[in-house]
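# A look at the structure
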Amino acid sequence: TQRYDVVVVGGGAAGCAVTASLFKRNPELRIAVIEPREQHYYQPGWTLVGAGVFDRARTERPMARCIPHGAHWIHAAVAGFEPEQQRVVLEDGNRISYRALVVCPGLSLHWDGIEGLRETLGKNGVTSNYQFELAPYTWQQVQNLREGRALFTQPAMPIKCAGAPQKAMYLSCDWWLKQAVLAQIDVEFCSAGAVLFGVAAFVPPLMQYVERYGAQLNFNTDLIAVDGHARRAWFRQTDANGESRTIEKTFDFLHAVPPQRAPEFIRQSPLAGADGWLEADHETLRHPRFGNVFSLGDVCAAPNAKTAAAVRKQAPVVAENVLALLAGRGPQAIYDGYGSCPLTVERGKVVLAEFGYGGKLLPTFPLDPTVPRRLAWDLKVKMMPGIYFDLMLRGREWLAEPRHLPHQPLAVEAPAACDF
Ligand code: FAD
């Protein structure tokens, strides 16, 4: 078996960012990144692809250009973990050994959780910005629609970028308003949840846009089945007494967001908690049962908003705590739960929601964060792709300095040095 100081599972936002943060602190490390895909995606751009603001090519780069130089890219998928032996198992049965493991394979979009959806995606006016191939279809369908009913759905939490289902609605409505067809379109937002946005401070400015666009909000209304050909959708609607019934809606346009869960190989692994997500201390991001295992990004069970913005702050925390472990020290860097959701309420304006654990507001700029701003739109559209590819994935940690705990005792034995 090959053995590395650090094995990183997944070369997405989290895997590349944490690898770059580790090399920035210690260029001598032997790091392997295990990632099966050829392409890396800047997923936050897909909301803008669905609104015709970005070309989808801007959101895709060859993986070879994203995995930091110096790391050994193992072009394979991980199938399981043997944490007692400090090994991961690849799909072909090969095993890779590590001193420290960082687990960040993202989450799994459960398209089959909605009956009939997979068959009709990309046809019959049914689309989703949650997939690279489909985001351009959203824009095409938005431009084609001039009357009828448009449904936007949101599944149960947690999902990645909890604001993305409604961002698709606002940008579509903005277009229809500017084309003077919005009055002929019935817009409905159907959410499995009970509130428009999880952090109460941002609900009033969002409600102003819901009213401006005349969108109807249906809470506790979960999409369960679609017949694209017949243009019908079924929802499980739950009332205040917890009684549920199935309701049917016809549509001309449907923007669906699938239910989301930890990838199967994580849910089946000894690293998962009862809910299937990868267990981690919410502050140190270290596994509570296997002391040389860390996680970050969408797979992590910590109750932060699952966003690339969260990854930007988590990566230096994990990098510092991994290095402490390799040096025989306990974790000292602390993650405050920061996540961000730039709510694109219209072309040219964004409500920049930035918050940490417990919904604590954590604005980067000294401005009222609940006000829709042009500045925040420019940040999202003009600066964010560069911040992502050229800073975050390169270990240039912009405003991401972690807080530190006083010295911690090490709960596990420091892993033995590699004998190369
Ligand atoms: P990913 O970036 O998804 O990467 C996971 C990687 O793991 C992938 O490369 C995958 O191939 C790999 N992998 C999977 N299985 C295995 C395996 N078995 N073995 C090895 N590797 C594996 N975030 C924001 O901050 N702001 C936004 O405005 C925003 N908007 C969004 C809009 C949409 C439509 C979507 C879909 C997401 C949005 N996000 C946004 C969320 C953001 O993209 C994710 O939170 C972020 O990509 C998480 O990073 P990650 O590395 O955990 O997962």
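Computed from a predicted model, the values in this text were never measured in an experiment.

### What about the overall build of the chain?
- Each helix and strand counted, the chain has ten helices and 23 strands in total.
- In summary, the chain has a C-alpha radius of gyration of 22 Å against a globular reference of 22 Å for 420 residues, a match within 12%.
- Taken along its principal axes, the extent of the C-alpha atoms in the chain is 70 × 45 × 45 Å.
- The buried share of the chain, reckoned over its 420 residues, is 48%.

### Some thoughts on the pairing of strand E7 (residues 87–90)
- As defined by bridge partners, strand E6 (residues 78–82) adjoins E7 across four bridges and the pair is classed as antiparallel. Counted as the bridge partner of glutamate 82 is arginine 87 from E7.
- What sits between E7 and strand E8 (residues 95–103) in their antiparallel hairpin is a turn of four residues, with glycine 93 showing a positive phi close to 95 degrees.

### Regarding the sheet that holds strand E12 (residues 185–191)
- In spatial order, the strands read E10-E17-E11-E12-E13; together these five strands make up an open sheet with parallel pairing. Taken across any chain shown, the strands that pair with only one partner, and hence form the sheet edges, are strand E10 (126–127) and strand E13 (216–218).
- Taken together, the three bridges between E12 and E13 define a ladder with parallel strand orientation. Bridge pairing links cysteine 190 to asparagine 218 in E13.

### Points about the nonpolar core
- With 129 residues, the main nonpolar core has Val6, Val7, Val18, Val102 and Val322 as its most contacted residues.
- The two domains that each donate at least three residues to this core are domain 1 (2–107 + 262–338 + 380–404) and domain 2 (115–259).
- Residues within four places of valine 18 in sequence aside, it is in contact with Val8, Val102, Cys104, Leu296, Ala315, Val318 and Ala319.

### Focus: the domain arrangement of the chain
- The assigned domain composition of the chain is domain 1 (2–107 + 262–338 + 380–404) and domain 2 (115–259).
- Taken over C-alpha atoms, the centre of domain 1 sits 31 Å from the centre of domain 2.
- Considering every element that reaches the side of domain 1 that touches domain 2, the biggest residue donor is helix H2 (residues 46–49), with three residues.
- When its residues are assigned to classes, the side of domain 1 that touches domain 2 shows seven nonpolar, five polar and four charged.

### A closer look at unusual backbone geometry
- Following methionine 157, the chain continues into proline 158 via a peptide bond in cis, with omega recorded as -5 degrees.
- Of note in the backbone geometry, glutamine 86 takes a positive phi value of approximately 55 degrees without being a glycine.
- Positive phi, normally seen in glycine, also occurs at leucine 399, with a value near 50 degrees.
- Along the polypeptide, leucine 399 turns up in the loop between helix H10 (374–391) and strand E23 (403–404).
- C-beta crowding within 10 Å serves as the criterion here: with 8 such atoms nearby, leucine 399 is assigned to the exposed category.

### What to know about the site of the ligand
- Lining the immediate environment of the ligand, one finds 37 residues, of which Gly10, Gly12, Gln43, Gly106 and Gly297 sit closest.
- Of all the secondary-structure elements, those providing two or more residues to the shell around the ligand are helix H1 (13–25), H2, helix H9 (308–326) and strand E21 (339–346).

### Re the packing of H1 against H9
- In contact at an axis separation of 8 Å, H1 and H9 are set at 40 degrees when each is read in the N-to-C sense. One finds that H1 runs oblique with respect to H9. Classified by chirality, the crossing of H9 by H1 is right-handed. Touching Ala13, Ala14, Ala17, Val18, Ser21, Leu22 and Arg25 of H1 are Ala308, Val311, Arg312, Ala315, Pro316, Val318, Ala319, Val322 and Leu323, all from H9.
- The residue inventory of the contact of H1 with H9, partitioned by class, reads 13 nonpolar, one polar and two charged.

Conventions adopted
Residues take numbers from 1 onward in each chain, read along the sequence in its written order. In keeping with the model being predicted, local features are shown solely for residues with a pLDDT of at least 70 and side-chain atom pairs are shown and tallied solely at 80 or more, while totals for entire chains, interfaces and linings include all residues. Starting at the N terminus, helices and strands are each numbered in turn, a helix being any DSSP run of H or I of at least four residues and a strand any DSSP run of E of at least two. Here the globule rule reads 2.2 Å times residues to the power 0.38, and the radius of gyration is calculated from C-alpha atoms. The burial criterion counts other C-beta atoms lying within 10 Å of a residue's C-beta, which is placed from the backbone; the residue is buried at 20 or more, exposed at 12 or fewer, and partly exposed between these limits. Only when DSSP finds a minimum of two bridges between them are two strands counted as paired. By definition, a nonpolar core groups buried Ala, Val, Leu, Ile, Met, Phe, Trp, Tyr and Cys residues that connect through C-beta atoms lying within 7 Å of each other. What marks off one domain from the next here is an automatic or database domain assignment. Any residue pair is listed as a contact if its two C-beta atoms, each placed from the backbone, are within 7 Å. Classification convention: Asp, Glu, Lys, Arg as charged; Ala, Val, Leu, Ile, Met, Phe, Trp, Tyr, Cys, Pro as nonpolar; all other residues, Gly among them, as polar. We call a residue near a molecule or strand when the C-beta position, derived from backbone atoms, sits within 6 Å of it. To get an axis, fit a line to the C-alpha atoms, keeping to the stretch in contact for a helix; angles then go from 0 to 180 degrees between the N-to-C directions. Relative orientations are named as follows: roughly parallel for angles under 35 degrees, roughly antiparallel for angles over 145 degrees, roughly perpendicular for angles from 65 to 115 degrees, and oblique for any other angle. Each crossing gets its hand from how the near helix is turned against the far one by less than a right angle, where anticlockwise is left-handed and clockwise is right-handed.

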